[in-house]
Amino acid sequence: MDSSSGNRLWQQSQRRFSGQVLDPHFEQVCRHWTRYMAPLDLFAGHPNLVAGGTITDPAGKASHEVDVAVLGLEDDNRRPLLAVGEAKWGEVMGLGHLDRLRRIRDLLTRQNRYGAEAAKLVCFAGPGFSDELLAAADDDMDIVLITPADLY
């Protein structure tokens, strides 16, 4: 195989490689950092359990993937939802990502998920954030933006 064939093959495979290898690994790194290394004052409680999952919306007949769900633990053993997050390694995150997290938080609030109404919205992005998302985070303390520099 000559180098031009290899380059073409890589160009055709890059998106699949990112989606099936890099993105899932980045999501795991974000969950680990959130659980064990995030600053103590980042959430309104200590992250006791951090995982990914799927939220179903029976009314909308849809489901929503959550890359980072952060649960605390209170003295009475209730587990408040502290945050919902999305992780994108190879994509600049923008207001569309934030709107999706808001819809998920609203859905969880309507489903009476304890703590959902106050849950932070966390965006983890490899290449960074749009100017609009940066401005939104400046205006809203519920929005948390995390870059690879924060993780490492």
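Our subject is the structure listed above.
In what follows, the accompanying structure is described. (Residues numbered from 1 in each chain as written. Predicted model: local features only at pLDDT ≥ 70, side-chain atom pairs only at ≥ 80, totals over all residues. Heavy atoms only, no water.)

## A short note on the layout of surface pockets
So, step 1. When its volume is computed, the largest pocket comes out at roughly 170 Å³.
So, step 2. Forming the walls of the largest pocket are 13 residues, and the residues nearest its centre are Ala-44, Gly-45, Glu-74, Pro-80 and Leu-82.
So, step 3. The residue inventory of the lining of the largest pocket, partitioned by class, reads 7 nonpolar, 4 polar and 2 charged. (1 Å grid on protein atoms, 1.4 Å probe; cavity = no way out; pocket = protein on both sides within 12 Å on 5 of 7 lines; lining within 4 Å. Points joined across faces, edges and corners; volume = space filled by probe spheres on them. Nonpolar A, V, L, I, M, F, W, Y, C, P; charged D, E, K, R; others polar.)

## A look at helix H2 (residues 95-110)
Three or four residues apart is the spacing at which side chains of an α-helix point the same way, because the helix has 3.6 residues per turn.
So, step 1. In this model H2 runs 22 Å from its N-terminal to its C-terminal C-alpha over 16 residues, within 8% of the 22 Å that 1.5 Å per residue would give.
So, step 2. Here H2 has its buried residues at His-97, Leu-98, Leu-101, Ile-104, Arg-105, Leu-107 and Leu-108.
So, step 3. For H2, the elements touching its buried residues are strand E1 (49-57), strand E2 (62-71), strand E3 (81-88), strand E4 (120-125), helix H3 (131-139) and strand E5 (143-146). (Helix = DSSP H or I, 4+ residues; strand = E, 2+ residues; numbered from the N terminus. Expected span 1.5 Å × (residues − 1). Buried < 20%, exposed > 50% of the residue type's maximum accessible area, 1.4 Å probe, protein only. Contact = heavy atoms within 4.5 Å.)

## Digging into the environment of Leu-73
So, step 1. Mapped onto the fold, Leu-73 is located in the loop between E2 and E3.
So, step 2. Exposure remark for Leu-73: the relative accessible area of 43% places this residue in the partly exposed category.
So, step 3. Measuring from C-alpha to C-alpha, the distance between Leu-73 and Leu-49 comes to 8.3 Å, with 24 residues separating the pair along the chain.
So, step 4. Dropping the residues within four chain positions of it, Leu-73 is found in contact with His-46, Asn-48, Arg-78, Arg-79 and Pro-80.

## A look at the packing of aromatic side chains
So, step 1. Summed over all chains, the structure comprises 2 aromatic pairs.
So, step 2. Arranged with centres 6.3 Å apart and planes meeting at 85°, the rings of Trp-33 and Phe-124 form a pair that is edge-to-face. Residue Trp-33 is located in helix H1 (residues 3-36), and its partner Phe-124 is located in strand E4; the two are separated by 91 residues in the primary sequence. Take Trp-33 and Phe-124: they sit in the same class, and that class is buried. (Phe/Tyr/Trp six-rings, centres within 6.5 Å; stacked < 30°, edge-to-face > 60°.)

## Some details on the pairing of E3
So, step 1. Counting buried positions along E3 gives 7 out of 8 residues, so the element sits mostly inside the fold.
So, step 2. Summarising the sheet, E2 and E3 pair through 4 bridges and their orientation is antiparallel. Within the sheet, the bridge partner assigned to Val-70 lies in E3 and is Ala-83.
So, step 3. Two strands pair when backbone bridges link them, and E3 and E4 are joined in this way by 6 bridges, in the parallel orientation. Along E4, the bridge assignment pairs Lys-88 with Ala-125.
So, step 4. As for the winding sense of the linkage, the β-α-β connection from E3 through H2 to E4 is right-handed. (Pairing = 2+ DSSP bridges. Right-handed = clockwise from strand over helix to strand, strands pointing away.)

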